[in-house]
Amino acid sequence: MCRISLRKAENSCLILNYVPFQVSCRTDTIARDIFSLVVQHMNINEHVFFGLSFMKDGEHFFLEDHQRLEKFAPNGWKNAHKNGLRTNFVLYLRFRFYPQVLDFIKTDVTMHELYLQVRHDVIEERIQPRRDAAYELAALALQAEFGNRPPPVIVDYFDNQHYLPHRYCSMDDPKHLQAVLAEMHGHYSGTKPSIAEHKFIQVLLHEYHKYRLTQLLKIALFLELCNFKCSYVPLFDPIANLFEGIESTSTIALPNFRDK
């Protein structure tokens with residue numbers, strides 16, 4: 001995921017590893033121009049997975065290629081130069097969708113960007129795995145980012161809040177939690193960082209699909225209990241784009257339990 005801060009006449013892009021770069025940007029620039037510039041800079045070839053999004057009320061909404069940035073910019077951004085004010089317009093380069101099979105991703109760069117995106121979404125609680133899965137994800141992230149665990153006498157080599165969502169950090173004593181995560185980190189000793197990232201994504205996708213299926217079954221059961229008869233029902237599904245952080249409408253087939 002890439003965080004892009006737009007200003008009139010210049011575009012400042014802050015990548016997840018916090019390496020910035022700047023380019024010229026007119027207020028009437030279309031999304032495709034910024035997208036092409038960013039993916040070229042980041043050496044991303046698998047463009048089909050990505051899109052530019054902006055945040056509104058805590059949700060991500062994707063821009064279409066032809067849309068002009070000024071239509072979605074905050075108040076004052078277009079005339080910032082005239083007013084002498086600095087108004088940032090932040091966009092994000094994010095995955096539009098996730099492949100059902102990770103083998104569809106062919107390059108290490110794209111796989112790493114997927115890891116970074118879901119890693120941040122877990123910490124920011126856009127994705128909410130179960131507690132045991134969250135601990136395993138933390139251990140895999142430690143292996144991916146630190147390599148093998150330091151000697152056992154060293155346990156304070158990381159910050160819990162950088163590897164677990166806040167709700168899990170607050171459930172245990174920080175020192176004890178750190179010791180538990182360090183021990184779990186040691187279980188992955190010898191695993192290459194790229195393999196640890198891949199396993200992180202696999203665990204998270206498994207959690208995501210299981211959670212989504214559970215929610216859809218609950219909806220189907222609720223409608224059945226309400227004696228709601230239909231073959232196809234348009235449903236607002238907040239789970240469908242949990243990774244992207246945007247809302248969508250899905251159509252699903254509901255089973256007719258009474259006919260069986």
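The numbering scheme is per chain: residues are counted from 1 as the chain's sequence reads. Per-residue local features are limited, in this predicted model, to residues with pLDDT of at least 70; the limit for side-chain atom pairs, both in listing and counting, is 80 or more; totals at the level of whole chains, interfaces and linings are taken over all residues. To obtain the side-chain values, all non-hydrogen atoms of the structure were included, while hydrogens and water were left out.

**A short note on the packing of aromatic side chains**
Alright, step 1. Two aromatic rings, drawn from Phe, Tyr or Trp (for Trp, its six-membered ring), form a pair once their centres lie within 6.5 Å of each other, and the interplanar angle then sorts them: stacked below 30 degrees, edge-to-face above 60, tilted otherwise. Per the stated rule, a full pass over the model turns up 10 aromatic pairs.
Alright, step 2. Considering the side-chain rings of Tyr115 and Phe200, the 5.1 Å spacing of their centres and the 80 degrees angle between planes classify their relative orientation as edge-to-face. Here the residue Tyr115 occupies a position in helix α3 (residues 108-123), and Phe200 occupies one in helix α7 (residues 193-225), the gap between them amounting to 85 residues. Judged on exposure class, the residue Tyr115 and its partner Phe200 are both buried.
Alright, step 3. Look at Tyr157 and Phe158: their rings are 4.9 Å apart centre to centre, the planes differ by 75 degrees, and that puts the pair in the edge-to-face class. Each member of the pair, Tyr157 as well as Phe158, carries the same accessibility label: buried.
Alright, step 4. Ring-pair connections join several aromatic residues into one group, and the members of that group are Phe49, Phe50, Phe95 and Phe97. Helix and strand definitions here come from DSSP, where helices need a minimum of 4 consecutive H or I residues and strands a minimum of 2 consecutive E residues; each element is numbered from the N-terminal end. Only protein chains enter the accessibility calculation, which uses a 1.4 Å probe. A residue is then buried if its area is under 20% of the maximum for its type, exposed if over 50%, and partly exposed in between.

**Here's the deal with the environment of Thr110**
Alright, step 1. Along the chain, the position of Thr110 falls in helix α3.
Alright, step 2. We classify Thr110 as buried; its relative accessible area is 0%.
Alright, step 3. Note: C-alpha distance between Thr110 and Asn43 (67 residues apart in sequence) is 9.1 Å.
Alright, step 4. A contact between two residues is defined here by any heavy atoms of the two lying within 4.5 Å. Those residues in contact with Thr110, other than ones at most four positions away along the chain, are Ile44, Glu46, Phe49, Phe50, Phe95 and Ile105.

**Examining the side chain of Gln178**
Alright, step 1. Structurally, Gln178 can be placed in helix α6 (residues 174-186).
Alright, step 2. By relative accessible area, Gln178 is classed as buried at 8%.
Alright, step 3. When sequence neighbours within four positions are dropped, the list of residues in contact with Gln178 reads Val155, Asp156, Phe158 and Asn160.

**Side note on the packing of helix α4 (residues 131-146) against α6**
Alright, step 1. Contact pair α4 / α6: the axes reach a minimum separation of 8 Å and the direction vectors enclose 65 degrees. With respect to α6, the axis of α4 lies roughly perpendicular. Considering how the two elements wind past one another, α4 and α6 form a crossing that is right-handed. Counting all contacts with α4, which are made through Tyr135, Glu136, Ala138, Ala139, Leu142, Gln143 and Phe146, the residues of α6 involved are Leu177, Val180, Leu181, Met184 and His185. Fitting a line to C-alpha atoms yields each axis, with helices limited to the stretch in contact; the angle taken between N-to-C directions then spans 0 to 180 degrees. Angular relationships are summarised with four words: roughly parallel below 35 degrees, roughly antiparallel beyond 145, roughly perpendicular across 65 to 115, and oblique for the angles in between. Here a crossing is taken to be left-handed if its near helix is turned anticlockwise relative to the far helix by less than a right angle, and right-handed if that turn runs clockwise.

**A closer look at the environment of Tyr208**
Alright, step 1. When you line up the elements, Tyr208 lands in helix α7.
Alright, step 2. The exposure class of Tyr208 is buried, given its relative accessible area of 7%.
Alright, step 3. Taking the C-alpha atoms as reference points, Tyr208 and Ile127, separated by 81 residues in sequence, lie 7.7 Å from one another.

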